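# Examination of the molecular architecture
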Amino acid sequence: MTNKNRSLYGGLIMQLRNLAVLPIVISLVFLSACKVSNHEKHSEIQQSALKGKRDMSNLNLMLNEVFKTHITDISSQRADVSHIVSQYIHSGTPRHEINNFISNDFDILENSNNKLLIHHKKGEGNLGNRRDLYISLFFDRNGNLLSNSSYLDKSNNL
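Read on for an overview of the structure. (Residues numbered from 1 in each chain as written. Predicted model: local features only at pLDDT ≥ 70, side-chain atom pairs only at ≥ 80, totals over all residues. Heavy atoms only, no water.)

### Here we look at the pairing of strand S2 (residues 107-111)
Basically, it comes down to this: Paired strands, in this sense, are two strands between which DSSP finds at least two bridges. Each helix is a run of H or I in the DSSP string that is no shorter than four residues. Each strand is a run of E no shorter than two, and both are numbered from the N terminus.
In terms of strand pairing, S2 meets strand S3 (residues 115-122) through four bridges, oriented antiparallel. Opposite aspartate 107, over in S3, you have histidine 119 as the bridge partner. With antiparallel pairing between neighbouring strands as the criterion, S2 and S3 make up a hairpin whose turn holds three residues.

If you want it as C-alpha cells, here you go:
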C-alpha cells in the first residue's frame, strides 16, 4: 500500500467514524430535549398541586385566625373580621381563584355577578359554642375582588 493509499484509507476511516458519531449525538440531543420537556410538564403539575395545598393551608390558617377572634360586642354577639379575611383573600383576586380557595368548606348564600355571600359554621351551638362566619365578597365587572365585608357571629342557642 502506498502512502497515498494509506492517506486516503485513513481519511475514509476518519469520515466513517464521524458519520457514526453524528447519529449518536443527534439521539442524545433529542433524548435530553424530551427529558427537559417531560420535566417541565411534571413541574407544572407539581406546582398546580402545591398551589392547591397552599390554598387549603391558607384557608385553614384564615379560619383558625377568624375563630380565635374574641367577640367583645356583647349586645350583637358579632365581631368584624374583614381585616383578617383581607389578609388571605386579597383585592384584585379573580373570582375563579376565590371559588377554588373556598372549595366545599363554605355554603354559598348569594351568588350574583358582583357579590358572593358565603357562610362557614363551626360547632353545634350547644352551650354557646357555635360560631358562624359570614363573608360578603364584592367584585368589579371583570370578576376581580374589590373588597369584603366579613363578620363572626356567636350563636347562643342553648
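### Section: the environment of glutamate 97
Residue position: glutamate 97 is located in helix H3 (residues 95-102). Distance from glutamate 97 to asparagine 144, taken between C-alpha atoms, is 9.6 Å for residues 47 residues apart in sequence.

### Comments concerning the side chain of histidine 120
To keep it simple, the criterion reads: Exposure classes here rest on a 1.4 Å probe applied to the protein chains alone. A residue is buried below 20% of its type maximum, exposed above 50%, and partly exposed in between. Pairing of N or O atoms within 3.5 Å defines a polar contact, subject to two protein rules: one partner must be a possible hydrogen donor and the other a possible acceptor, and residues neighboring in sequence count only if both atoms are side-chain atoms.
Summarising the element assignment, histidine 120 is placed in strand S3. Residue histidine 120 is classed as buried on the basis of its relative accessible area, which comes to 14%. A distance of 2.6 Å separates a polar atom in the side chain of histidine 120 from the backbone oxygen of aspartate 105.

Everything listed is a geometric property; what it means functionally is a separate question.
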